[in-house]
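Secondary and tertiary structure notes
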Amino acid sequence: MSHPRNPQSLLTPAMRQVLHAIAKAGRPPLAMLSAQQAKEAYAAGAGVLEPDPQKMARDDTLHIPTRDGALLPAKLWAQHPKPQMPVLLYFHGGGFTVGSPQTHEALCKHLAHLAQCAVLSLDYRLAPEHTFPTAHHDAFDALQWLVQHAPELGLDPTRMAIGGDSAGGTLTAATAIAARDAGIDLKLQLMFYPGCSPEHMASADTFEKGFLLEKSSIDYFYKHYLPNAADRRDPRFSPLLVGDVSGVAPAWLGLAECDPLVDEGVAYADHLRAQGVSVDLEIYKGVVHSFIQMGRVIPEALSAHADAARALRHAFGEHA
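Numbers given to residues run from 1 along each chain, matching the order in which its sequence is written. Totals for whole chains, interfaces and linings use all residues, but because this is a predicted model, local features are given only for residues with pLDDT of at least 70 and pairs of side-chain atoms are given and counted only at 80 or more. The basis for the side-chain values is all heavy atoms of the structure; hydrogens and waters are excluded.

Helix and strand definitions here come from DSSP, where helices need a minimum of 4 consecutive H or I residues and strands a minimum of 2 consecutive E residues; each element is numbered from the N-terminal end. A count of helical and extended segments in the protein chain gives 9 helices and 8 strands. For a compact globule of 320 residues, the expected C-alpha radius of gyration is about 20 Å, and the protein chain comes in at 18 Å, within 12% of that figure. When the backbone C-alpha atoms are referred to their principal axes, the protein chain occupies close to 50 × 40 × 40 Å. Across the protein chain, the fraction of contacts at a sequence separation of at least 24, relative to all contacts at a separation of at least 6, is 78%. When the accessible surface of the protein chain is totalled, it reaches about 12800 Å², and 54% of it is carbon and sulfur. For the charge count, each Lys or Arg is scored as positive and each Asp or Glu as negative, with His and the chain ends excluded. Charged groups are reduced to one reference atom each: NZ for lysine, CZ for arginine, CG for aspartic acid, CD for glutamic acid. Averaging the positions of the 26 positive and the 34 negative side-chain charges in the protein chain gives two centres separated by 4 Å. In this setup the radius of gyration rests on C-alpha atoms only. A globule is expected at 2.2 Å times the number of residues raised to 0.38. Throughout, a residue-residue contact means that at least one pair of heavy atoms, one from each residue, lies within 4.5 Å. Using a 1.4 Å probe, the Shrake-Rupley method yields the accessible areas, and only the shown protein chains count as cover for residues.

Turning next to the side chain of lysine 75. Position of lysine 75 relative to the elements: it lies in strand 2 (residues 71–78). Accessibility expressed as a relative area gives 14% for lysine 75, which makes it buried. N or O atoms closer than or at 3.5 Å make up a polar contact, with two conditions inside protein: a donor-capable atom paired with an acceptor-capable one, and, for residues adjacent in sequence, both atoms drawn from side chains. In terms of polar contacts, lysine 75 uses its side chain to reach the side chain of threonine 61, at 3.1 Å. Ignoring sequence-local partners within four residues, the contact set of lysine 75 consists of Asp59, Asp60, Thr61, Pro101, Gln102, Val119, Leu120 and Ser121. Throughout this description, buried means an accessible area under 20% of the type-specific maximum (1.4 Å probe, protein chains only), exposed means over 50%, and partly exposed covers the range between.

Between its first and last C-alpha, helix 1 (residues 13–25) extends 19 Å over 13 residues, near the 18 Å set by a 1.5 Å rise per residue. All buried positions along helix 1 are accounted for by Met15, Val18 and Leu19. Angularly, the buried residues of helix 1 cover 95 degrees about the axis, an arc narrow enough to put them on a single face. Looking at helix 1, the residues exposed on the side facing more than 90 degrees away from the buried face are Pro13, Gln17, His20 and Lys24. Buried residues belonging to helix 1 abut strand 8 (279–288). Just past helix 1, the residue glycine 26 takes up positive phi, approximately 70 degrees. A helix is expected to span 1.5 Å for every residue after the first. This arc is built from the directions going out from the helix axis to the C-beta atoms.

Okay, the packing of aromatic side chains next. For any pair of aromatic rings, the description rests on two quantities: the centre-to-centre distance and the angle between the ring planes. Here a Phe, Tyr or Trp ring, Trp counted by its six-membered ring, pairs with any other such ring whose centre lies within 6.5 Å, and the pair is stacked when the planes are under 30 degrees apart, edge-to-face when over 60, and tilted otherwise. Evaluation of the coordinates by the stated rule reveals 10 aromatic pairs. Where phenylalanine 207 meets phenylalanine 211, the ring centres are 5.0 Å apart and the plane angle is 80 degrees; that geometry is what we call edge-to-face. One exposure class covers both phenylalanine 207 and phenylalanine 211, and it is buried. Measuring from ring centre to ring centre gives 4.9 Å for tyrosine 222 and phenylalanine 237, while their planes differ by 85 degrees; the resulting arrangement is edge-to-face. In this pair, tyrosine 222 is assigned in helix 7 (residues 215–225) and phenylalanine 237 in the loop between helix 7 and strand 7 (251–258), connecting sequence segments 15 residues apart. Exposure class is identical for tyrosine 222 and phenylalanine 237. Each is buried. Three or more aromatic residues joined by ring pairs make a cluster, and in this case those are Phe96, Phe132, Tyr222, Tyr225 and Phe237.

In this analysis, strands are considered paired if DSSP registers two or more bridges between them. Here 8 strands make up an open sheet; going across it, the order is 1-2-4-3-5-6-7-8 and the pairing mixed. The open sheet has two edge strands with one neighbour each: strand 1 (58–65) and strand 8. Looking at each pair of strands side by side, their axes are set apart by 20 degrees on average, direction ignored. As paired elements, strand 1 and strand 2 share 8 bridges and run antiparallel to each other. Among the inter-strand pairings, arginine 58 is bridged to a residue of strand 2, identified as alanine 78. Only the stretch in contact is used when a helix axis is fitted, and all axes are lines through C-alpha atoms; the angle between N-to-C directions ranges over 0 to 180 degrees.

Relative to the 22 Å expected for 16 residues at 1.5 Å per residue, helix 4 (residues 134–149) spans 22 Å between its end C-alpha atoms, a close match to the ideal helical length. Counted residue by residue, helix 4 has 12 buried out of 16 residues, so it is predominantly covered. All of the buried residues along helix 4 are Thr134, Ala135, His136, Asp138, Ala139, Phe140, Asp141, Ala142, Leu143, Trp145, Leu146 and His149.

With that settled, the discussion passes to the pairing of strand 7. The buried count for strand 7 comes to 8 of 8 residues, which makes it a mostly enclosed element. The pairing of strand 6 (residues 188–192) with strand 7 spans 4 bridges and is parallel. The residue of strand 7 that forms the bridge with glutamine 189 is alanine 251. One ladder, built from 7 bridges, connects strand 7 with strand 8; its direction is parallel. If you follow glycine 254 over to strand 8, its bridge partner there is glutamate 282. Orient the strands so they point away from the viewer, and a crossover whose first-strand-to-second-strand path over the helix runs clockwise is right-handed. Taken together, strand 7, helix 8 (residues 262–274) and strand 8 form a β-α-β motif whose crossover is right-handed.

Our next topic: the state of the cysteines. Working definition: a disulfide is two cysteine sulfur atoms within 2.5 Å of each other. Summed over the entire model, instances satisfying the criterion amount to 0 disulfides. Here cysteine 108 stays unpaired: no disulfide links it, and the sulfur of cysteine 117, its closest cysteine neighbor, is 9.7 Å away. There is no disulfide at cysteine 258, and the cysteine sulfur nearest it, in cysteine 196, is 18 Å away.

Geometric values such as these leave the question of function open.
Structure, rendered in structure tokens:
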């Protein structure tokens, strides 16, 4: 994408107000904190700008085994306890270092409500305690487990999608490729502003500072998750480096215009399309990274939820 000389001029008035309020609060950027402090600060701020979570008839805590013997907590939400529900396996954002199903609870419940599906939100292991490729392994292990156990959970194994935001979007892209290779039929891969490239792209310089997610914070997160910098070129972390993406699940991408990662999302959408994958790309104007968790004050967040849910319903064959 081409970017203007004065990127601040792109912001919507409401988005500008949010950024001003955050700046006025004077909290240190996450990149100035230890990983543990960053986890606590992120958890404390989660949900502040979101509408009240939807009420769910089903609110289950599950434990999903991994290849190395760990048990990962996961939350399963559904508005109605119907049998054979379609399901979205969700990977939360947070730079592989912060975040949890709890920080993304309102978002997941809203998607479950709008798409009339179950959402399974995975508490995958985080850096710096667990470095690359642990989160990637956890994501794929959870998908394989879900395929096997969907029927006993009242879920339809023939109508499954995966999705995530930011780092969770990266996990979604990589897991969709692994699913194709394993013969798992996914109906959709749903990505909000994923990281896809081993190097920063032009938008990382345009929106380097002052747009919530800063270039320095991206590097901070990646250093925790990928202490060996050469791993940035592993195609599981940088799906743009995967030569053959043909045959992966159809994709829906929702990007923020004023985001250091926006060019990576656009490039990945182009990469998929060039190999015949069906791609629906939405770029929400005048908003920043993490906007989908600001539905109480940023109207574009609710538009993105509705668009994502429409894509899920379509993918699951529910066109209402």
